[in-house]
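# Fold and geometry: a report
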Amino acid sequence: MTSKAAKGSMAWWQLSLLGIGCTLGTGFFLGTSMAIHKSGPAVLIPFLLAAICTYIVYDALVKMSVENPDKGSFRTYAKQAFGRWAGFSNGWVYLISELLIMGSQLMALGIFTKFWFPALPLWIAASIYAAIGLVVILTGMKGFENFQNIFGALKAAAIIMFIIVAVVIIMRGTSSATMASLQANYEAFFSQGIKGIWLGLLYAFYAYGGIEVMGLMVIDLKNPKEAPKAGRIMLSVITIIFIMAIALALALVAWKDFSIDESPFITALQGYHIPFVADIFNGVLIIAGFSTMVASLYAVITILTTLAEDHDAPAILAKKGKMKVPFPAFLFLTSGLVITIVIGFLMPEKIFEYLITAAGLMLIYNWLFILVTYWKLMELTKWGHVKNGIGMLLIAVTVSGTLGEKTSRLGFYVSLLFIVLISVATWIVVKRQRNITE
């Protein structure tokens, strides 16, 4: 899929709205439970640190995009900075991260659906959502844009609804349970210590995943120079929403009562027996997860097509027919979804946590490459170097945090396995190219 049809047609505020639509998904709605489980009430600190790093990465990406708008985005810039090996490896790291994100979204959608249909097997729910997502992708860029704009607004409205309901409950002050949870969370704010904040960082970072899709879409702006403004506004809105929603959830329920198998926002509201609110919110969680999954599908198709066009993937994958997307790339995407569903069927017990860890790591490896590329290609001021260094340090600390416990450690090893496979493939491709030129 290319962006040529829509090139130059998007206003900056539309990019902001698309960014909200691509970012506000199950990484936040379900992954936050894991962050709370690791960090306790101090989970707000990882989310603030992740917001700072996300802004640093996005700022670097759009500055390169404004300088040289290209549909290959960060992959093209890596190639310009370091050569073909960097473009090849960067593209495949991102592609696998999006495939893993796609899988984690599917598993999360299955978990949300079980709230209404407890007996429904996870793999059946995942198959239904995968099929609908593929239909959306077949509508092309315009259909994807319209879809994400509508769902982005719905997701933001849902979180605002949660914030309003939570504020009303707290202001009434009639519930002894509310006062007890407030006191318990206040007293236990740093109960998990620095280690808890360290372990919770990855899940906070994962909640901000989606900014790369905005980078891929900078080329569609009427004025690419407005991309930094679009990102600043989008990230400010998202961060305020994230922090307020988590703080209010912690005001309603003691942190130890949250389960990693349920959205913290549903857990927070369930004890207050407000008619239909939990059901409405669960419906919106499904919309959120589905739209983020579709964003991952779009990213996979886009990056796969550019890889094929640059001969970093089989050229047939970019072959276009009568469809709005390249059919071979679409088949590749479908195969990825089928593999994810099979994995979910074989090991449903901890699949979401394994996927979210591996996906989060692959994603921030890509972010690290964006910062290194930015340092190489652009002339940075002293403050620019400091800011870039802070971003790299935060990413390094986050990656090291996955070694702190067994489950996330396994996700780290999975991500390393992918890095090794991509490195071997990169070496083979570069060696073959060198032999041809000689």
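Residues numbered from 1 in each chain as written. Predicted model: local features only at pLDDT ≥ 70, side-chain atom pairs only at ≥ 80, totals over all residues. Heavy atoms only, no water.

## Description of the overall build of the protein chain
Assigned secondary structure in the protein chain consists of 18 helices and zero strands. Looking at the 438 residues of the protein chain, the share that counts as buried comes to 59%. Partitioning the contacts of the protein chain with sequence separation of at least 6, the portion at a separation of at least 24 is 84%. Counting every atom, the protein chain has about 17,700 Å² of accessible surface; 70% of that belongs to carbon and sulfur. (Helix = DSSP H or I, 4+ residues; strand = E, 2+ residues; numbered from the N terminus. Buried < 20%, exposed > 50% of the residue type's maximum accessible area, 1.4 Å probe, protein only. Contact = heavy atoms within 4.5 Å. Areas by Shrake-Rupley, 256 points an atom, 1.4 Å probe, with all protein chains shown as cover.)

## Considerations on the pattern of salt bridges
Applying the stated criterion across every chain yields a total of six salt bridges. Where Asp 59 meets Lys 387, a salt bridge forms, and the shortest distance between an N and an O atom there is 2.7 Å. Of this pair, Asp 59 sits in helix H4 (residues 44-67) while Lys 387 sits in helix H17 (residues 382-401), and the two are 328 residues apart along the sequence. In this pair, the class of Asp 59 matches that of Lys 387, namely buried. Across the pair Lys 79 and Asp 310 runs a salt bridge whose closest N-O atoms are separated by 3.9 Å. Taken as a pair, Lys 79 in helix H5 (residues 73-82) and Asp 310 in the loop between helix H14 (277-309) and helix H15 (327-346) lie far apart in primary sequence, 231 residues in all. (Salt bridge = Lys/Arg side-chain N within 4 Å of Asp/Glu carboxyl O.)

## Here's the deal with the nonpolar core
Ranked by size, the top nonpolar core spans 141 residues in total, and within it Phe 28, Phe 29, Phe 47 and Phe 162 carry the most contacts. A per-element tally of this core places H14 first, with 19 residues. The residues contacting Phe 28, other than those within four sequence positions of it, are Phe 47, Ile 159, Ala 207, Phe 242, Ala 245, Ile 246 and Phe 265. (Core = buried A, V, L, I, M, F, W, Y, C linked by side-chain atoms within 4.5 Å.)

## Let's talk about the environment of Ile 56
Mapping Ile 56 onto the fold places it in helix H4. As a C-alpha pair, Ile 56 and Leu 371 span 315 residues in sequence and 8.4 Å in three-dimensional space. Look past the residues within four positions of Ile 56 in its chain and what remains in contact with it is Leu 371, Lys 387, Asn 388, Ile 390 and Gly 391.

## Topic: the packing of aromatic side chains
A complete count under the given rule lists 14 aromatic pairs for this structure. On the numbers, 5.1 Å between centres and 40 degrees between planes, the contact of Phe 28 with Phe 265 is tilted. Taken as a pair, Phe 28 in helix H2 (residues 26-29) and Phe 265 in helix H13 (residues 264-270) lie far apart in primary sequence, 237 residues in all. Residue Phe 28 shares its accessibility class with Phe 265, and that shared class is buried. Consider the rings of Phe 88 and Trp 92, whose centres lie 6.4 Å apart with planes at 45 degrees: the pair is tilted. Residue Phe 88 and its partner Trp 92 are both found in helix H6 (residues 84-113); the two are separated by four residues, about one turn of the helix. Taken individually, Phe 88 and Trp 92 each receive the classification buried, so the pair is uniform in this respect. Aromatic ring contacts, followed pair by pair, group Phe 28, Phe 47, Phe 162, Tyr 208, Phe 242 and Phe 265 into a single cluster. (Phe/Tyr/Trp six-rings, centres within 6.5 Å; stacked < 30°, edge-to-face > 60°.)

## A few points about the packing of H5 against H6
With their axes 6 Å apart at the nearest point, H5 and H6 run at an angle of 155 degrees to one another. Here H5 is positioned roughly antiparallel relative to H6, judged by the angle of their axes. H5 and H6 meet at a crossing whose hand is right-handed. Within the contact between the two elements, H5 uses Phe 74, Arg 75, Ala 78, Lys 79 and Phe 82 and H6 uses Arg 84, Trp 85, Ala 86, Gly 87, Asn 90, Gly 91 and Tyr 94. Each residue belonging to the contact of H5 with H6 can be placed in one class, and the counts come to six nonpolar, three polar and three charged. (Axes fitted to C-alpha atoms, helices over the stretch in contact; angles between N-to-C directions. Parallel < 35°, antiparallel > 145°, perpendicular 65-115°, else oblique. Left-handed = near helix turned anticlockwise from the far one by under 90°. Nonpolar A, V, L, I, M, F, W, Y, C, P; charged D, E, K, R; others polar.)

## Overview of the confidence of the model for the protein chain
In the predicted model, the protein chain carries a mean pLDDT of 80, and 88% of its residues have values of at least 70. Within the protein chain, the lowest mean pLDDT, 67, falls on helix H9 (residues 176-187), and the highest, 92, falls on H17. (pLDDT = per-residue confidence, 0-100.)

## As for a nonpolar patch on the surface
On the surface, Leu 403, Leu 410, Tyr 413, Val 414 and Leu 416 cluster together to form a nonpolar patch covering roughly 400 Å² of accessible area. When you line up the elements, Leu 410 lands in helix H18 (residues 406-437). Relative accessible area serves as the criterion here: at 38%, Leu 410 is assigned to the partly exposed category. (Patch = residues over 30% accessible without salt bridge, like charges linked within 9 Å, V, L, I, M, F, W, Y side chains within 5 Å.)

## Examining the environment of Val 237
Within the secondary structure layout, Val 237 lies in helix H12 (residues 227-252). Considered as a pair, Val 237 and Ile 20 are 217 residues apart in the sequence and their alpha carbons are 8.4 Å apart.

## Section: helix H1 (residues 12-23)
Under the 1.5 Å per step criterion, the end-to-end length of H1 is 16 Å for twelve residues, consistent within 8% with the ideal 16 Å. Among the twelve residues of H1, nine are classified as buried, and the element is accordingly described as predominantly covered. For H1, the complete set of buried residues consists of Gln 14, Leu 15, Ser 16, Leu 18, Gly 19, Ile 20, Gly 21, Cys 22 and Thr 23. (Expected span 1.5 Å × (residues − 1).)

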